[in-house]
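Coordinate analysis (summary)
Each chain, letter by letter, is given below.
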Amino acid sequence: MRIALLSSFYPLRGGISQFNASMLEGLGKCHIVKAFSFSRQYPNFLFPGKTQYVTPDDEATPVEADALLDTINPLTWNKTARAIRAWKPDLLVLPYWMSWFAPSLGWVGRHCSCQCLGVLHNVVPHEPHWFDAPLTRYYLKACQGFVCMADSVEKDLLRLRPGAPHILRPHPLYTHFGEKLPRQEAIQALGLDPSRHTLLFFGLIREYKGLDILLEAFRDLPENYQLVVAGEPYGSFDKYQAILDSLPGKDRVRVFPDYIRDSEVKRYFSAADLAVLPYRSATQSGISSIACHFDVPMVVTDVGGLKGTIGARGTGIVAQEASAPAIRKEILRYFDNPSLQESCHAAILQEKKRLGWDAFCKALSDFAATL
């Protein structure tokens, strides 16, 4: 099968680009594939981070892609559709995660002269707006089928497009960050105390991810706990800094407020005893896939698909609400219960066997063949 992928690719950076690169590689093992990307993903004034692009020290793996689609220039939408038609694919894969992309992706999908398959990270964005539903419906109508990566995403899809053909496949594990380091080596590199339990908050810092909740939960944890916060803030860090400054144990919190290079990701997860995802909203999480790859159990909140993909699989434990007392309770429960720690690690080993890219890409292509 000839498969075109239109989405975010190198030199654009971030979790979506990393996901697409892995999917491109996986599909390329059995199919002829070609990547098409954005010439402009967002206008700079709308982008909340420092940069949309890899920098010389990011060490991201280059991906060959035709960067044609400008999300705010409709002239490029037609140009992109023509280029895709000229390549004559049997299938166009259109990953989707927020309504900003709905007009451009929906238009190209309608004019590519082939079947379109949506890979849905989100249907409803984490930080929703009134216009999300109508724009998303426009995108959804351009696709003949969908791959949903969480049951909450599946529910949102069927609410906006009842009866849509789809399959449910969990987010595969990220494996391109390398192998786990010895804990002592990672602890030393980050300047941490090896005698303390190490908690990790990792990834872009956005309101819905609840870093403030975790900082408040940390306030009353014993002195044998330390916290690592690693990730670039999207917007102001002032709110979090104010909480940090008020913590009696602020000397036990290490903050690395930058985009974490691919080659450095293993350092943070190798140092961690427990990853904490105190999200206010979620569907699925790429961070949980990284944690699983590095054998790190998780505490997550009962939002979106996290309970089903983590709690039900036993790779972590679920706090009943996104609040500091609930998060603190589960952190303490994990470290006070050696049998719980053992069961989480055993479950992670099983998930690593189940959630490979080859299985995900085979399910995708098998489903596409039925459309």
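Further up the page is the structure itself.
The next point concerns the packing of aromatic side chains. Taken as a whole and assessed by the stated rule, the structure comprises 16 aromatic pairs. Ring geometry for Phe202 versus Tyr268: centroids 6.1 Å apart, planes at 55°, classification tilted. Placement of Phe202 in strand S8 (residues 197-202) and of Tyr268 in helix H9 (residues 262-271) is noted, with a sequence separation of 66 residues between them. When sorted by exposure, Phe202 lands in the same class as Tyr268, which is buried. Aromatic side chains Tyr334 and Phe335 sit 5.0 Å apart centroid to centroid with 90° between the ring planes, which places their arrangement in the edge-to-face category. Taken together, the aromatic side chains of Phe38, Tyr42, Trp97, Trp100 and Phe101 make up a single cluster linked through ring pairs. The ring of Trp87 carries Arg2 above its face, with NZ or CZ at 4.1 Å from the centroid. Just above the ring of Phe36 sits the side chain of Lys34; from NZ or CZ to the centre is 5.5 Å.

Any empty space left between atoms is shown by rolling a water-sized probe over those atoms. Counted under the stated rule, the structure contains one cavity of 30 Å³ or more. Looking at the largest cavity, its volume works out to about 30 Å³. Forming the walls of the largest cavity are Arg169, Pro170, Pro172, Arg354, Leu355, Gly356 and Phe360. Among the residues forming the lining of the largest cavity, the class breakdown is four nonpolar, one polar and two charged.

By the burial criterion, the buried members of helix H5 (residues 151-160) are Ser152, Val153, Asp156, Leu157 and Leu160. For H5, the buried positions fall inside an angular range of 140° around the axis, keeping them on one side. The secondary structure elements touched by the buried residues of H5 are strand S5 (115-120), helix H4 (132-140), strand S6 (145-148) and strand S7 (166-168).

Moving on, we come to the pattern of salt bridges. A side chain with one charge may pair with a side chain of the opposite charge, provided their charged atoms come close. With the rule as written, the count across this model stands at 17 salt bridges. A salt bridge links Glu351 to Arg354; its shortest N-O distance comes to 2.9 Å. With Glu351 and Arg354 both in helix H13 (residues 338-354), this residue pair falls three residues apart, about one helical turn. The exposure class assigned to Arg354 is partly exposed, which follows from its relative accessible area of 34%. Shared partners join several salt bridges into a network, and the residues in it are Glu207, Asp212, Lys239 and Arg280.

A cis geometry characterises the amide bond from Tyr10 onward to Pro11, with omega recorded as 15°. For Pro11, the position within the fold is in the loop between strand S1 (2-6) and helix H1 (15-27). Within the chain, Ser113 stands out as a residue other than glycine whose phi angle is a positive 60°. Along the polypeptide, Ser113 turns up in the loop between helix H3 (102-110) and S5. Backbone geometry places Asp295, a non-glycine residue, at a positive phi of 65°. Looking at the element boundaries, Asp295 is found in the loop between helix H10 (286-293) and strand S12 (298-301).

What counts and what doesn't
- Residues numbered from 1 in each chain as written.
- Predicted model: local features only at pLDDT ≥ 70, side-chain atom pairs only at ≥ 80, totals over all residues.
- Heavy atoms only, no water.
- Phe/Tyr/Trp six-rings, centres within 6.5 Å; stacked < 30°, edge-to-face > 60°.
- Helix = DSSP H or I, 4+ residues; strand = E, 2+ residues; numbered from the N terminus.
- Buried < 20%, exposed > 50% of the residue type's maximum accessible area, 1.4 Å probe, protein only.
- Lys NZ or Arg CZ within 6 Å of the ring centre and 35° of its normal.
- 1 Å grid on protein atoms, 1.4 Å probe; cavity = no way out; pocket = protein on both sides within 12 Å on 5 of 7 lines; lining within 4 Å.
- Points joined across faces, edges and corners; volume = space filled by probe spheres on them.
- Nonpolar A, V, L, I, M, F, W, Y, C, P; charged D, E, K, R; others polar.
- Arc of directions from axis to C-beta.
- Contact = heavy atoms within 4.5 Å.
- Salt bridge = Lys/Arg side-chain N within 4 Å of Asp/Glu carboxyl O.

Note that every value here comes from positions in space, so none of it alone points to a role or purpose.
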